[in-house]
Structure formats: C-alpha cells, structure tokens
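Here are the chains, one letter per residue:
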Amino acid sequence: MADDSRAEILARLRQAVPRQTAEHAPHQAFSTWQAPGATDIQGRFVARLEAARGTVERIALLADVPDAVARYLAGQNLPARLNVAPELRQLLDFSAGAVTIHDALPVEDGHAVLTSCIAAVAETGTFVAASGPGRDPRLNYLAETLIVVVGAGQIVEAYEEIWTRLRVRTGKETPRLVSFITGPSRTADIEQTIEWGAHGPRRLHVLISDETP
Amino acid sequence: MEVESGAFVEKARAALGDATLQHALKHIKHGFVEARANAAAKLPDFEAMRDRARDIKAHTIAHLADYLEQFEANVTALGGHVHWARDAGEARAIVLGICRNAGARTVTKSKSMVTEEIELNPYLEEHGIEPIETDLGEYIIQLRKEKPSHIIAPVIHLSKDQVADTFHEHHPKYGFHERLTVRSDMVREARSILRQRFVKADVGITGANFLVAETGSAVVVTNEGNADLTASLPDTHIVVTGIEKLVPTLEDCHLMLRLLPRSATGQDITAYMSFFTGPKRAGDLSGPSSFHVVLLDNGRSNMMGTEFEEMLRCIRCGACLNHCPVYANIGGHAYGSVYPGPMGAVLTPSLAGIDKAGHLPNASSFCGRCEEVCPVRIPLPRMMRHWREREFERHLTPHGARWGLHAWAVIAASPTVYRAMQWTASRLLRLVAWRGWIRRLPLAGAGWTSQRDMRAPSGDSFQRQWRKHGGRR
C-alpha cells in the first residue's frame, strides 16, 4: 500500500502539465533592514537583539563570564542557581562560588541556564543553537532565564552565512537541529497581546565576548 | 476533507450578531494589519522578494515530483523515514503505526494545520493514544473541543474571560483551583502544566512550514518554542505535512522565512526558526533516535495543471485572512473548514469538492486585498471566480441566482437594453430615497437593506456624464 501511494502521487504530479514555470535562478541577496545609527556588525546585532527584548553585556575574556553571570542574576533578583551547558563546563571556572552549579535537566522553573552558540546573525539579533557532539540544545528551550555567550567573531550579517560556516566545520552533513533563536519565548494567542515566557525562556541575556568559546 | 461549509450563510449571520466574537475580531486590524504594513515598509526589497518567492515556489511546484524524491533520498540517507499518504485516512494510519511501534501513550503536538485537516487528534484518542496540543492557542482549543478559527491565531475568536473560564474548568485536576484574571498568570499556569507533559511524552508530532529538498530538513517556526520542545524531548519525532511545502535549497528557504513572519504577524522573525534534519547523530547528547516525515497529498496533486495550481504556492501565513473584510466580520468558524478566509475559499473546494464548499468562493466582494498582501502573489480573487464558474457549470448555483445571472447576461450584452434598464432603475431608486439614502428595498434589494442603508444614485449615469464632458475627465 505504501509503495502504491508513493507511485500514485508521483505519477499524478508528473502527468499533469504545469501551468506555471520559472527557472530556478541562482541565489540572490536582498538588502535586509539595518538598525539606524549602528554602523558596525556588532552594533547592528545588539540593536536588533534589544528590539526583540534581549539584553546585552560586553565582556573581554571568557574568564569574565562567571562574574558577569553572577552580576546579572543578582541584578534581576534571581536565585544564583545555574545549569552550565556541557560544552562550557571545561572552559569556565565557577569555583569562586558566587553561583551554585546544577547538572540535572532544568525541567522545573527557577533555574538559569548558560549556553554557547555556533554563530549569531546581525540581521535580526539572532543566535544559532545546533546539535552536535557534546552539545545539548534542549537547554535553550527549557531554561526560564537563558544566558548565551556569543563570541564577537561569531556574528555574521545574514542567515545564509550560517550554513557556509557549518559546512566548513562539519563537512557536507547538516546537524540534526539548527535553531535560529531571537529574543525570549512569547505568545500573543490571548487577545493578541504579547506575554513572555510561553514555553521557553522569559528572559534572554547575551554576553558578547571578544574571545570565542 | 470533511467540511461543514454548507451552513455558511446561517453561521455567518449568527457570527455577525455575536457581540463577544465581534469584539474579539477587532484585534486583527490593530494587530496584524498595521504590523505587516510596518514590517514591509522597513524592508527596502520587500516587493522584489515577493516576486522571487513567487518564482521559487512556481518552479518547485512545476518540478514537485523531482524535489520530493530528492527530499526523500536525503532523509533516508540520514536514517530517517519518509511515508506517502494519498488521503487523510492513510496519513492517520501511518501516524498511528509509528506511535504504536514506539509504544506511545502520550504524544505532544506543535501547531499543525495539516493534522487539523486530517483530524488526527480524535483518531489517536479512539485508538488509546492521548494527543496533547502545546501551542497555547491550540491547547485552549483542545480543552474547549473546538476547531481553530484562524490558521496562525487559533483562538482569535475568544476573549480573555473565555480562556479564564476554560482553564478554571479544566485545571483543577492539576492542582490549580483559582480562576485567573491576568493574562500572564494564565500563560504561567499553562506553561507549568504543559512542561510536565513535554517531559513525559513518548512521541512528538510537528508540522512543517517548509521542507528543504537539498538537505532533507523540515523547518518549523514558532514564537513559543513549543515545536522545539516537541521535536527535541521525545525519542520519536514525526513531521506531518503537505507535499507542496518543498523548496529546493536552504537559501530559498531563508528567503521564504524572511517573508513568512512579516506577512503573518508583522514580525521580522519569529522567536524560533528551526531546521530538523534526520534523527540524532552519533555523539549527540539529545534528540530523537527515530525521525519520520509523512507527506500528505489529500487532493493537492489533483490541483496540478488546473486553474487552481498556483494555490499550491501558499505558505499559510494568514495575511489574506487578516486583510479580508469578510473574514474580519464573521471570523473563521463560519467557513466550516480549518482553512477559512480567501485562501480557504480557494483551497477548501479543491480538497473537499465544490459541491460541499460552494458558498466559500462566493463569500467575497472581490476587493482584491488578499492578492495585494499575498507574499507569493497568488491571484486569489481570480481563483474564486473560477470556482464560481465551475459551480455554475455544474448547476450547483441556487435557482434564483442562476436566473438572475442569466437575466444580467441579457441586459449586459446589449448597450441599448443596459442603458434603458439603468435609466429606469436609477429613476425608481431616487423615487424611494429620502435625503440621498434608501432605507428599504423589495425583492432582491431587501438582501442589501436588511443589514444597511443604500446610497441613492446621484442622477446621471457615468456614461452620460462621460458623453457630456466630451469623453474627457
């Protein structure tokens, strides 16, 4: 039955004489909206991210991340409990003790999560999470408060460049998950009014580091 | 596809008199319509991008069989499975089979119009599997046992108070007994209930906004992040979607993704835009080990080569609903189909038959706003006219309307008769008018004046004035 369905659908599509035709033209880049006043790529990324309700802090070194996280959580009156994404655990030293580190999946609310990204896009203030060895992208969706480390050199202008970068790194194969995330989770289902933290993070804080994780 | 479009006239009349619905529908204008205009104005190449999007989809549809095979080959090479369903029944059986193989008891779902089209939820329930809608709007609809009234805003017909009542009725079993009045509290309560369901689900079912042929990816956009949780937490991920969702390349997909949210909600991008490609790989710390794509035909391939073929370009943004004066006045439920508004007026008869959905292509003033805002430039009014022609040819048009159209054909075909009729009608209308307005008309005219007054003719016809001015303005 399954093979019949496949054959029948494909045959019907091939038998019909299409009424519309167009060549598959090569990719064409269109100009994307750019933040007024922001001249450099990092400035554009920040302006768009802030427009999507994200907050930003610039830091110099990865070693500055633990302090920046502790400061942010304290400033927001949030508990100093943190899940650290696997790929960052070896890189960062939280032994100073300002925040408590948890390893279990943050199913219950009340935890902040610190993750990194594979790239970021200035076009819309977006960071890109992906699956891969030693990565757990679920953390990006489960966190109530999400803090993301973005390397200044990871920011590209447009979405398409992400795939070029990925292919250089992983070869031809596409990862199972490539997720473009812009601002906190939201819903406007009830009376078209935006509420934050629908299923994913209520808050998104980005640390732009001169050093890439 | 099962529809209840036969009762359109009665339902539309009831909708016009429903004060709660009328209040809820007012949000469309100040939400979606203005937001889309602002988003389009901010993007300098928006119109050129629409041309390009139209061409990409036209090309893909013309070579759809080839792109479907390429997509299938790429999914299979990664260890995923592609299933082909001729109709709703086949699609439902395929999904049930996968769920049974996974030993599933509960299934989380992110919003999918195709699973609404095939009425998947009642079928799964009948077979002992509990489907859980996770998009907030779809979740509310599921609790209320209703159907969505808009393809991207399922509960646009409901007020905050109605949602509060629904939660108050259904949430005590989760330990929430208080009736909430603040929107953010309602969202928080639903979040905490659904979070537990996400974690325990055995299978996750999503739709797809696009399928990418060159990689075998299924692309889903949401603002809530619910599709990502649905696709990332359970061990099995099933994508259920229509065969027309293909685009050739990732670059093509990003062009479409720049147009979709701007056309739909006026956002530059949705909060989440995710590409799911095959099952999890060796070394991945999370993700489903089993990945399935169910490709649904259900009448779509029959549209190929017909005057409705261009409808296969549709990316389900909902802009035509948001800008339609008919939809804005009656909402989505009156259409009796999960695809309402202008896109539904073309698609529903294609999928369910014009004999079951004849009212829908007639529910248009042909103002043309739907075509003006369609990101892939589908000529929706022209296609509704094609359906009206087919309906007339098949003698499905009501007797009175057929007689009227025949009479009109005689009058309109002869300039002399036309002018005489126009002169007479104009005189008569001015006789019954009072201060430029007509309150009540007999016969066919009563249909107009029962709901609103009619302007009296100004005097001379356009043709007479044109002649009087010597054929100049």
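Parameters and conventions
Residues numbered from 1 in each chain as written. Chains lettered and ligands numbered in written order. Predicted model: local features only at pLDDT ≥ 70, side-chain atom pairs only at ≥ 80, totals over all residues. Heavy atoms only, no water. Helix = DSSP H or I, 4+ residues; strand = E, 2+ residues; numbered from the N terminus. Rg over C-alpha atoms; globule rule 2.2 N^0.38 Å. Buried < 20%, exposed > 50% of the residue type's maximum accessible area, 1.4 Å probe, protein only. Contact = heavy atoms within 4.5 Å. Areas by Shrake-Rupley, 256 points an atom, 1.4 Å probe, with all protein chains shown as cover. Pairing = 2+ DSSP bridges. Domains from an automatic or database assignment. Phe/Tyr/Trp six-rings, centres within 6.5 Å; stacked < 30°, edge-to-face > 60°. Lys NZ or Arg CZ within 6 Å of the ring centre and 35° of its normal. Buried area = accessible area lost by both parts, 1.4 Å probe. Salt bridge = Lys/Arg side-chain N within 4 Å of Asp/Glu carboxyl O. pLDDT = per-residue confidence, 0-100. 1 Å grid on protein atoms, 1.4 Å probe; cavity = no way out; pocket = protein on both sides within 12 Å on 5 of 7 lines; lining within 4 Å. Points joined across faces, edges and corners; volume = space filled by probe spheres on them. Nonpolar A, V, L, I, M, F, W, Y, C, P; charged D, E, K, R; others polar. Axes fitted to C-alpha atoms, helices over the stretch in contact; angles between N-to-C directions.

K.L.:
Which parts of the structure should I look at to understand the overall build of chain B?
P.N.:
Per the secondary structure count, chain B includes 24 helices and 12 strands. For 473 residues, the compact-globule estimate of 2.2 N^0.38 gives 23 Å, and chain B sits close to it at 25 Å. When its C-alpha atoms are laid out on the principal axes, chain B stretches across 85 × 55 × 45 Å. Counting only residues that meet the buried cut, chain B has 58% of its 473 residues in that class. Put simply, of all contacts in chain B between residues at least 6 apart along the chain, 72% involve residues at least 24 apart. Carbon and sulfur atoms form 54% of the exposed surface of chain B, whose accessible area is close to 19400 Å².

K.L.:
Whenever I open this one, the sheet that holds strand β8 (residues 155-156) of chain A confuses me. Can you help?
P.N.:
Note on sheets: strands pair through backbone hydrogen bonds, and any given pair is parallel or antiparallel. Here 8 strands make up an open sheet; going across it, the order is β8(A)-β5(A)-β6(A)-β9(A)-β9(B)-β6(B)-β5(B)-β8(B) and the pairing mixed. Edge positions in the sheet fall to β8 of chain A together with β8 (246-247) of chain B, since each of these pairs with one other strand and no more. With 4 bridges joining them, strand β6 (residues 126-130) of chain A and strand β9 (residues 177-181) of chain A adopt antiparallel strand pairing. Bridge pairing in β9(A) places A130(A) opposite V178(A).

K.L.:
Can you help me understand the domain arrangement of chain B in this one?
P.N.:
Much of the literature gives interface size as the accessible area that the parts lose upon coming together. When the domains of chain B are assigned, the result is domain 1 (46-296) and domain 2 (410-468). Summarising the inter-unit geometry, the C-alpha centres of domain 1 of chain B and domain 2 of chain B are found 52 Å apart.

K.L.:
Explain the packing of aromatic side chains here, please?
P.N.:
Aromatic ring pairs are reported here in terms of the distance separating the ring centres and the angle at which the planes meet. Going through the model one piece at a time under the given rule, you end up with 11 aromatic pairs over all chains. Members of the aromatic cluster, joined through ring pairs, are Y159(A), W163(A), F180(A) and F275(B). Sitting over the face of the ring of Y339(B), R316(B) holds its NZ or CZ atom 5.1 Å from the ring centroid. Positioned above the aromatic ring of F392(B) is the side chain of R402(B), whose terminal nitrogen or guanidinium carbon lies 4.1 Å from the ring centre.

K.L.:
What's the story with the interface of chain A and chain B in this structure? I'm lost.
P.N.:
Tallying the contact residues gives 78 residues for chain A and 102 residues for chain B. Summed over both sides, the interface of chain A with chain B buries roughly 7900 Å², with 55% coming from carbon and sulfur. Counting the surface chain A buries against chain B, the share from its top three residues, Q20(A), R176(A) and H199(A), is 13%. In this structure, the connection of chain A to chain B is made through 14 salt bridges.

K.L.:
Sorry if this is basic, but what is going on with the confidence of the model for chain B here?
P.N.:
In low-pLDDT regions, the fine details of the predicted coordinates are not to be read closely. Averaged over chain B, the pLDDT score is 94; the fraction of residues at 70 or greater is 100%. Both confidence scores are given for the complex: pTM 0.94, ipTM 0.96.

K.L.:
It is not clear to me how helix α2 (residues 41-51) of chain A should be interpreted in this structure. Could you clarify?
P.N.:
Along an α-helix, residues three or four positions apart point the same way, because every turn accommodates 3.6 residues. Inspection of α2(A) places Q42(A), G43(A), R44(A), F45(A), V46(A), R48(A) and L49(A) among the buried residues, and these make up the whole buried set. Check the buried side of α2(A) and you find it contacts β1 (55-59), β5 (119-121), β6, β8 and β12 (203-209) of chain A together with α3 (27-42) of chain B. Following α2(A) by one or two positions, R53(A) has its phi on the positive side, about 75 degrees.

K.L.:
I tried to follow empty space enclosed by the protein on my own but got confused; where do I start?
P.N.:
Residue and element names in this part refer to chain B. Scanning all chains against the criterion turns up 8 cavities of 30 Å³ or more. Its volume calculated, the largest cavity comes out at about 100 Å³. In terms of lining, the largest cavity is formed by 16 residues, of which the most central are C324, P342, S364, C370 and M384. Of all the secondary structure elements, the ones that give two or more residues to the lining of the largest cavity are α16 (341-352), α19 (369-373) and α20 (380-393). Looking at the lining of the largest cavity, the element that brings in the most residues is α16, giving 3 residues. The residue makeup of the lining of the largest cavity, split by class, is 11 nonpolar, 4 polar and 1 charged. In this model, the second largest cavity occupies a volume close to 90 Å³. Lining the second largest cavity are 15 residues, and of these C314, C317, C320, C374 and P375 lie nearest its centre. Its residues placed into classes, the lining of the second largest cavity shows 13 nonpolar, 1 polar and 1 charged.

K.L.:
In this structure, what is going on with the sheet that holds strand β3 (residues 100-102) of chain A? I would like to understand it.
P.N.:
Residue and element names in this part refer to chain A. Strand order across the open sheet formed by 6 strands is β1-β12-β7-β4-β2-β3, with parallel pairing between neighbours. Only two strands of the sheet have a single partner each, and these edge strands are β1 and β3. Strand-to-strand, the axes of this sheet are offset by a mean angle of 30 degrees, without reference to chain direction. With 5 bridges connecting them, β1 and β12 associate as parallel partners. By the bridge assignment for β12, T55 is matched with H205.

K.L.:
Would you take a moment to explain the layout of surface pockets for this structure?
P.N.:
Roughly 2200 Å³ of internal volume is contained in the largest pocket. What lines the largest pocket is a set of 45 residues, among which A444(B), G445(B), G447(B), W448(B) and R452(B) lie closest to the centre. With 7 residues, helix α22 (residues 415-432) of chain B is the single largest residue contributor to the lining of the largest pocket. Residues belonging to the lining of the largest pocket are distributed by class as follows: 26 nonpolar, 14 polar and 5 charged. In this structure, the second largest pocket spans a volume of roughly 1200 Å³. Along the wall of the second largest pocket there are 48 residues; nearest its centre are T222(B), N223(B), T265(B), Q267(B) and T270(B). Going through the elements one at a time, α2 and β10 (186-187) of chain A together with α3, α7 (113-117), β6 (217-222), β7 (236-242) and α13 (250-264) of chain B are the ones with two or more residues in the lining of the second largest pocket. For the lining of the second largest pocket, the class distribution of residues is 21 nonpolar, 17 polar and 10 charged.

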